[in-house]
Amino acid sequence: MSLPDSELPRTEDEWRVRLSPDEFRVLREHGTEPAWTGEYVDTKTPGMYRCRACGAQLYPSDTKFDSHCGWPSFDDAIPGAIKEIEDNSLGMRRVEIRCARCDSHLGHVFRGEGFTPKNTRHCVNSLSIRLDPSNT
């Protein structure tokens with residue numbers, strides 16, 4: 001479930017205590033897990049994907065699709081759950097996506113690829129999310 005606002009870490013040191021080293025690297029240091037290694041790449045289980053850091057609801061499982069990119073892909077998020085930030089690192093223009101509640105890095109969003117009718121792909125690290133199969 002979602003952490004109460006009063007229990008959300010306020011410093012990176014507090015986040016470091018709550019998260020595993022790999023989770024911290026991805027969620028707080030904007031890292032990326034290697035392609036095809038995440039636990040949710042091929043998952044089809046119904047439920048709700050939540051932010052692994054704070055527990056906020058992000059993606060209903062019916063928005064997940066197979067993009068064959070090596071990371072879980074979603075074509076839509078819960079309104080207001082995600083914030084987008086221009087990312088010009090690595091010599092390219094991308095749009096980073098973060099949890100709107102705790103500002104943790106989720107991945108990147110790509111538009112115009114034609115994978116779904118919504119024409120949007122949220123490319124998300126498995127280490128950034130946790131599936132709640134009981135919440136559909």
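Residues numbered from 1 in each chain as written. Predicted model: local features only at pLDDT ≥ 70, side-chain atom pairs only at ≥ 80, totals over all residues. Heavy atoms only, no water.

Chemist: Lay out the sheet that holds strand β5 (residues 82-87) with the relevant residues and their values.
Modeler: Strands sit in the order β3-β4-β8-β7-β6-β5 across an open sheet of six strands; the sheet is antiparallel. Two strands close off the open sheet at either side, each with one partner strand: β3 (64-65) and β5. Here β3 pairs with strand β4 (residues 73-74) via two bridges, running antiparallel. Among the inter-strand pairings, K64 is bridged to a residue of β4, identified as F74. (Pairing = 2+ DSSP bridges. Helix = DSSP H or I, 4+ residues; strand = E, 2+ residues; numbered from the N terminus.)

Chemist: Please provide a residue-by-residue account of the pattern of salt bridges, values included.
Modeler: Tallied over the full model, the rule gives 14 salt bridges. One salt bridge connects E39 with R52, and the closest N-O pair in it is separated by 2.8 Å. Here E39, found in the loop between α2 (21-27) and β1 (48-51), pairs with R52, found in the loop between β1 and β2 (57-60); they are 13 residues apart in sequence, far enough to count as distant. The exposure class assigned to E39 is exposed, which follows from its relative accessible area of 51%. Residue class for R52 comes out buried when judged on its relative accessible area of 11%. Salt-bridge contacts for D87 lead to R94; the nearest nitrogen and oxygen are separated by 3.2 Å. Judged by its relative accessible area of 12%, D87 falls in the buried class. Judged by its relative accessible area of 17%, R94 falls in the buried class. (Salt bridge = Lys/Arg side-chain N within 4 Å of Asp/Glu carboxyl O. Buried < 20%, exposed > 50% of the residue type's maximum accessible area, 1.4 Å probe, protein only.)

Chemist: Could you give an account of the pairing of strand β7 (residues 105-111), naming the residues involved and the relevant values?
Modeler: The buried fraction of β7 is high, at five of seven residues. Bridging between β7 and strand β8 (residues 120-124) involves five bridges; their strand directions are antiparallel. Note on β8: the bridge partner recorded for G107 is V124.

Chemist: Tell me about the pairing of β2, and name the residues and values.
Modeler: Sheet analysis places β1 next to β2, joined by three bridges and oriented antiparallel. Bridging across to β2, R50 finds its partner in Q57.

Chemist: An account of unusual backbone geometry is requested, with residue identities and associated values reported.
Modeler: Even without being a glycine, W36 presents a positive backbone phi close to 65 degrees. Turning to its location among the elements, W36 is positioned in the loop between α2 and β1. Backbone geometry at D103 places phi at a positive 65 degrees, although glycine is not the residue there. Mapped onto the fold, D103 is located in the loop between β6 (94-99) and β7.

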